[in-house]
Amino acid sequence: CKESTLDGYHKKIRLYIKPSIGEYYLKNITKDILQDFIKDMYDKGFSKNTISSIRGIVTKAFRWAEEKHYIVASPATNLIIPRNQQPQKATITRQKPHIYVSKDRIKQIFERFPEKEPAHLPLMIIYHCGLRVGEVFGLIWEDIDFEKKTIFVHREMVRRKNSEGKITQVCLNHTKAKKEGGNRVIPITRDALDALKRQMELNSDGEFIFMVDEHVFHQNSLNVALKKYCKEAKVCYLSCHKMRFWTVTAMYAAGIPQAIIQRSVGHLSPATTDHYKRISKLGSISLPDAEAICDTDEDKPFVKRIKEFFKRIGKRQAANCTFS
């Protein structure tokens, strides 16, 4: 179990479980008490995902207690979830779009960003190139070839606890896929290239491309800034990861084969790439719209360029590719 997952469990125990049933002795908790606990969360409007997660924590805790013979039988078995009681928060969540559904809406968001907003340029890279947040923050200048307009993606920045128990940023020498198949060389779109050149003016000597005051950019800062300017632009807020969803969807809409999209975004499974496809959510998007966000050169749109690029490197691992 990852440290971040355990931290999430501890947070839910502290916020939800301890105030409600934390005063009970384990052996005194009955199924009726747990059932009332679940129902109370629904009545308070907690989302279905939150309730399901808390229920899972409680179930695992009692299963462990049963295995250690602290209790005879787990009261958390077969808890009834009142599915007919739909919490208000879950209803609101379902009404949100799954991706940023309009290029114009995204443009409205970016227009709200002030010139010196640090989150602006890394968000541009995520939007135009489809990189993960950790991959963007793991980039160094040696990964960028401005002449050939390519990015070598082969590391990611993650949050980990140090020896003192504090959360810090750590750069890993692999992507989320944790295999060489996740490493890749991808073309840079025109707008992403401009964003990188602007960032070089701000931080040409940093250890990583995106740093603020000689410190690694904090990943949560992207969503905080994005939420702020979404509100100003009166656009429904979605996390910056949903911009990656948009890019994958636009590539599908532009007619790029799924195998090429999968390699470009670093997915090991085609099922994962297919999950990112939200063509039905794009509304009136047209092929020119899709190509516009992936445009590399005026006379060479992204659709044509990326097909030529992957044809040239063939089936070789991206990690073995060179810029020469």
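Note: the structure precedes this text.
Residues numbered from 1 in each chain as written. Predicted model: local features only at pLDDT ≥ 70, side-chain atom pairs only at ≥ 80, totals over all residues. Heavy atoms only, no water.

Participant: Explain the sheet that holds strand E2 (residues 150-153) here, please?
Facilitator: Each strand in a sheet pairs with another by means of backbone hydrogen bonds, the pair being arranged parallel or else antiparallel. Pairing is antiparallel in the open sheet, where three strands are placed in the order E1-E2-E5. The strands lining the two open edges of the sheet, one partner per strand, are strand E1 (144-145) and strand E5 (184-187). Where E1 and E2 come together, two bridges link them in antiparallel fashion. Each residue of the ladder has a partner; that of Asp 145, found in E2, is Thr 150. (Pairing = 2+ DSSP bridges. Helix = DSSP H or I, 4+ residues; strand = E, 2+ residues; numbered from the N terminus.)

Participant: Whenever I open this one, the pattern of salt bridges confuses me. Can you help?
Facilitator: Side-chain pairs of opposite charge can arise whenever the charged atoms involved come near each other. Tallying each qualifying case throughout the model produces six salt bridges. Arg 184 serves as the salt-bridge partner of Glu 135, at 2.7 Å between the closest nitrogen and oxygen. Here the residue Glu 135 occupies a position in helix H7 (residues 133-137), and Arg 184 occupies one in strand E5, the gap between them amounting to 49 residues. Note that Asp 143 is salt-bridged to Arg 155, the shortest N-O span being 2.7 Å. (Salt bridge = Lys/Arg side-chain N within 4 Å of Asp/Glu carboxyl O.)

Participant: Is there a simple way to explain a nonpolar patch on the surface in this structure?
Facilitator: On the surface, a nonpolar cluster with roughly 340 Å² of combined accessible area is contributed by Leu 26, Trp 64 and Tyr 70. Relative to the helices and strands, Tyr 70 is located in the loop between helix H3 (48-67) and helix H4 (88-95). (Patch = residues over 30% accessible without salt bridge, like charges linked within 9 Å, V, L, I, M, F, W, Y side chains within 5 Å. Areas by Shrake-Rupley, 256 points an atom, 1.4 Å probe, with all protein chains shown as cover.)

Participant: Sorry, what's going on with the packing of aromatic side chains here?
Facilitator: Aromatic ring pairs are defined here through the distance separating the ring centres and the angle between the ring planes. Here the structure, examined in full by the defined rule, presents eight aromatic pairs. Look at Phe 110 and Phe 113: their rings are 6.0 Å apart centre to centre, the planes differ by 40°, and that puts the pair in the tilted class. On the accessibility criterion, Phe 110 (11% relative accessible area) is buried. Note on Phe 245 and Tyr 276: the rings are 4.1 Å apart at their centroids and 20° apart in plane angle, and the pair reads as stacked. A residue pair is termed long-range when its members are at least 10 positions apart, and Phe 245 in helix H10 (residues 241-253) and Tyr 276 in the loop between helix H12 (270-275) and helix H13 (287-293) qualify at 31 residues. On the accessibility criterion, Phe 245 (4% relative accessible area) is buried. Among the aromatic residues, ring-to-ring pairing joins Phe 110, Phe 113, Tyr 127 and Tyr 229 into one connected group. In this arrangement the basic side chain of Lys 242 is found over the ring face of Phe 245, its NZ or CZ atom lying 4.2 Å from the centre. (Phe/Tyr/Trp six-rings, centres within 6.5 Å; stacked < 30°, edge-to-face > 60°. Buried < 20%, exposed > 50% of the residue type's maximum accessible area, 1.4 Å probe, protein only. Lys NZ or Arg CZ within 6 Å of the ring centre and 35° of its normal.)

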